[in-house]
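# Structural overview
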Amino acid sequence: MSLLPDRPEDFLDWIAINDAVADDPEANRPDGSLFPRRHVFGAYVASALAPLVLHGAVRHNRAIVTEVRRDGALWHISDSEDGHIVADFVVIATSHPSPSTPAVLRVLEGHDRFVADSTRTGALDAIRPDDRILIVGNGLTAADIVASLARTGHRGPITSISRRGLRSRGHAPFAQDPLGEFEAAPAHSATALLRRVRRAISEAKLAGLTWHVVIDQVRSHGHAIWQKLPVSERRRIVRHIRPYWDVHRFRIAPQVEEVLEQAIAEGRMEVLAASVGRVNRESETIHVELRQRYGAPLQRSYDAVVVTTGPAHGGILESRAWLSSLRDQSHLQLDPTGLGIACSERSEAIGADGYPDPSLLISGPLARGTFGELMGLPQITEHAAFVAGELATKVKSMRDCA
Ligand SMILES: Cc1cc2nc3c(=O)[nH]c(=O)nc-3n(C[C@H](O)[C@H](O)[C@H](O)COP(=O)(O)OP(=O)(O)OC[C@H]3O[C@@H](n4cnc5c(N)ncnc54)[C@H](O)[C@@H]3O)c2cc1C
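The paragraphs below set out a description of the structure included in this document. Keep in mind it's a predicted model, so treat the numbers as computed, not measured.

Conventions and cut-offs
- As a convention, each chain's residues are numbered from 1 in the sequence order in which they are written.
- This being a predicted model, a pLDDT of at least 70 is required before a residue's local features are given, and a value of 80 or more before pairs of side-chain atoms are given or counted; all residues contribute to the totals for chains, interfaces and linings.
- Excluding hydrogens and water, the side-chain figures rest on all heavy atoms present in the structure.
- Each helix is a run of DSSP H or I of at least 4 residues and each strand a run of E of at least 2, with the numbering of both proceeding from the N terminus.
- Any pair of N or O atoms that falls within 3.5 Å is considered a polar contact. Within protein, one atom must be able to donate a hydrogen and the other to accept it, and sequence-neighbouring residues count only if both atoms are side-chain atoms.
- In what follows, residue pairs with any heavy atoms lying within 4.5 Å of each other are defined as contacts.
- Salt bridge criterion: a side-chain nitrogen from Lys or Arg within 4 Å of a carboxyl oxygen from Asp or Glu.
- Three labels apply to residues, based on accessible area from a 1.4 Å probe with only protein chains included: buried if under 20% of the type maximum, exposed if over 50%, partly exposed otherwise in between.
- Throughout, nonpolar core names a set of buried Ala, Val, Leu, Ile, Met, Phe, Trp, Tyr and Cys residues whose side chains join them through atoms within 4.5 Å.
- Summary of the distance rule: residues count as near a molecule or strand when at least one heavy atom falls within 4 Å of that molecule or strand.
- Areas reported as accessible are Shrake-Rupley estimates using a 1.4 Å probe. Residue values count occlusion only from the protein chains shown.
- A pair of strands is considered paired only if DSSP assigns at least 2 bridges between the two.
- Where helices are involved, their axes are fitted lines through C-alpha atoms of the stretch in contact, as for all axes, and angles between N-to-C directions lie from 0 to 180°.
- What sets the label is the angle itself: under 35 degrees gives roughly parallel, over 145 gives roughly antiparallel, 65 to 115 gives roughly perpendicular, and the rest give oblique.
- Only Asp, Glu, Lys and Arg are considered charged in this grouping, and only Ala, Val, Leu, Ile, Met, Phe, Trp, Tyr, Cys and Pro are considered nonpolar; every other residue, Gly among them, is considered polar.

Now for the side chain of Q176. Within the fold, Q176 resides in the loop between β7 (158-162) and α4 (190-206). At 3.2 Å, the side chain of Q176 forms a polar contact with the backbone oxygen of F174. A distance of 2.8 Å separates polar atoms of two side chains, one belonging to Q176 and the other to T210. When neighbours within four sequence positions are excluded, Q176 is seen to be in contact with L209, T210 and V213.

Below, the discussion takes up the pattern of salt bridges. Taken as a whole and judged by the stated rule, the model has 26 salt bridges. Here R7 makes a salt bridge to D10, at a shortest N to O gap of 2.9 Å. Owing to a relative accessible area of 47%, R7 belongs among the partly exposed residues under this scheme. The class for D10 is buried, based on a relative accessible area of 14%.

This part takes up the nonpolar core. I92, L323, L332, I341 and I362 are the most contacted members of the largest nonpolar core, which totals 22 residues. At the level of elements, β2 (74-79), β4 (90-92), α9 (316-319), α10 (321-328) and β13 (356-362) are the ones that each hand at least two residues to this core. The greatest single-element share of this core, amounting to 3 residues, is contributed by α10. Every residue in contact with I92, bar those within four places of it in the chain, is listed here: W322, L323, L326, L332, L360, L361, I362, S363 and L366.

If you check the backbone angles, D19 has positive phi at about 50 degrees while not being a glycine. Residue position: D19 is located in the loop between α1 (10-18) and α2 (38-54). Residue class for D19 comes out exposed when judged on its relative accessible area of 55%. Non-glycine residue S283 carries a positive phi angle of around 55 degrees.

The next point concerns the site of the ligand. The full set close to the ligand counts 15 residues, and V65, S95, M375, L377 and I380 are the nearest of them. Contact between the ligand and R38: a nitrogen atom at 3.4 Å from a side-chain N or O atom of the residue. H96 is positioned such that a nitrogen or oxygen atom in its side chain is 3.3 Å from an oxygen atom of the ligand. When the ligand sits alone it has 990 Å² of accessible area, and the protein chains cover 52% of it.

Our focus in this paragraph is the sheet that holds β13. The strand order across the open sheet built from 3 strands is β4-β13-β12, with neighbouring strands paired in mixed fashion. Both edges of this open sheet fall to β4 and β12 (348-350), since each of them pairs with a single strand only. Averaged over all pairs of adjacent strands, the angle between strand axes in this sheet comes to 60 degrees, irrespective of strand direction. As defined by bridge partners, β4 adjoins β13 across 3 bridges and the pair is classed as parallel. For V91, the partnering residue across the bridge sits in β13 and is L361. Along the sheet face, helix α12 (residues 377-401) touches β4, β12 and β13 and points at about 140 degrees away from the line of β13.

Two numbers describe how α1 lies on α2: the axes approach to 11 Å, and their chain directions differ by 95 degrees. Relative to α2, α1 is oriented roughly perpendicular. For the pair α1 and α2, the contacting residues are D10, F11, W14 and I15 in the first and V40, F41, A43, Y44 and S47 in the second. In terms of residue class, the contact of α1 with α2 is built from 7 nonpolar, 1 polar and 1 charged.

As a further point, take the environment of E257. Examined against the element boundaries, E257 turns out to sit in helix α8 (residues 254-265). Once the C-alpha coordinates of E257 and M375 are considered, the two residues, 118 residues apart in sequence, prove to be 21 Å apart. The residues touching E257, leaving out its near neighbours within four places in the chain, are G170 and I252.

What follows is about the sheet that holds β2. What the 3 strands build is an open sheet, ordered β1-β2-β3; its pairing is antiparallel. The sheet is open, and its two edges are formed by β1 (65-71) and β3 (84-87), each paired on a single side. Neighbour-to-neighbour, the strand axes of the sheet open up by a mean angle of 20 degrees, direction not taken into account. In terms of strand pairing, β2 meets β3 through 4 bridges, oriented antiparallel. From the neighbouring strand, S78 faces β3, where its bridge partner is H84. Sitting on the sheet, α10 touches β1 and β2, and the angle it makes with β1 is about 20 degrees.

Read these as layout, nothing more, since geometry by itself doesn't imply function.
As structure tokens, then:
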């Protein structure tokens, strides 16, 4: 979780120097690993940025960008605080779009305990201790919801569903180095890649290691793997393999896993492979038909429904007026895999004419249609450093020409 790709221990060093987990004994795991709370990471990021802001290298405007417009060679950026910036280069690094409500759940809009975006502050405040809860989506956000509810004393039953009923796996039982070779001769199809990953996992097991080492290696070789796959194969991966990739790649923190395991063991929580069928409201009660993947439909009643289906990447260009407007002006288009915004290998946005724009860059998860695995901090910081390098070269050559 380091901000500096060439100093992987930076966050750990910062924690040690600042004694930042002194108030959280659970952060130190029996195997010697460290799982700090998220706000500790936030404080680390803030402390890294503070000197840059203080010395004026970075000007931090607290405002929401509302419009980005091109006028000749310059970009004009307007914001919610009536600010206006003129820039030679723009980097779109706004990350994941908000989740979008699945169409079948829209009838619940306006219900006090329908939580469409659980990432909003206070999203769970209306949920009462004995409420029966349906969580739609089974990933790490769902796990966070269960842990957050447990902390505030929730004791009612919870149903958590996803199409396949898969749950995020835990972290490796002991520290191991990544293993496997996927970079030197990358696979050219989804099937070949899957076969190679499976073989590498079998080899790792024979060597007394766990599957984690192979998935970690695939993550770090993600860009090379993705680059060699034709778009049709990338789409196959997104459609068929992604759910399995996600549960192995996004691992649950041990503290959160313990809460989930306890809720399941006590019979308070069930995890189903199901999708939502019919939904209707009767006063405050929400009746839901759960269409099970392997079984008869279930008719259930809930007091609250929480959506944790993840960011709506495919709808990114419709998610904000300024992004739609950039698309309408032909500066942006959706990546063909539907994972984000189309960009070149230099992270330059590809416009409607199919050409990259050297003055408009995409950084972070929105670039993952081109760069593959760009969701976790290690890859995001590496990519951010790459984009910064590209930008520095552009600025230098612009100055040299001036
Ligand atoms: C709950 C949660 C837990 C996570 N846990 C982990 C983890 O344990 N390990 C891990 O590796 N990754 C984790 N991730 C993923 C990781 O945090 C993100 O992928 C990463 O933060 C993305 O970095 P970023 O800089 O691209 O975007 P962000 O950190 O999301 O930053 C985007 C910035 O853009 C700003 N912004 C957006 N729209 C506008 C606008 N219109 N105008 C102005 N500003 C705007 C936002 O305010 C924000 O400051 C987690 C994500 C979440 C949501």
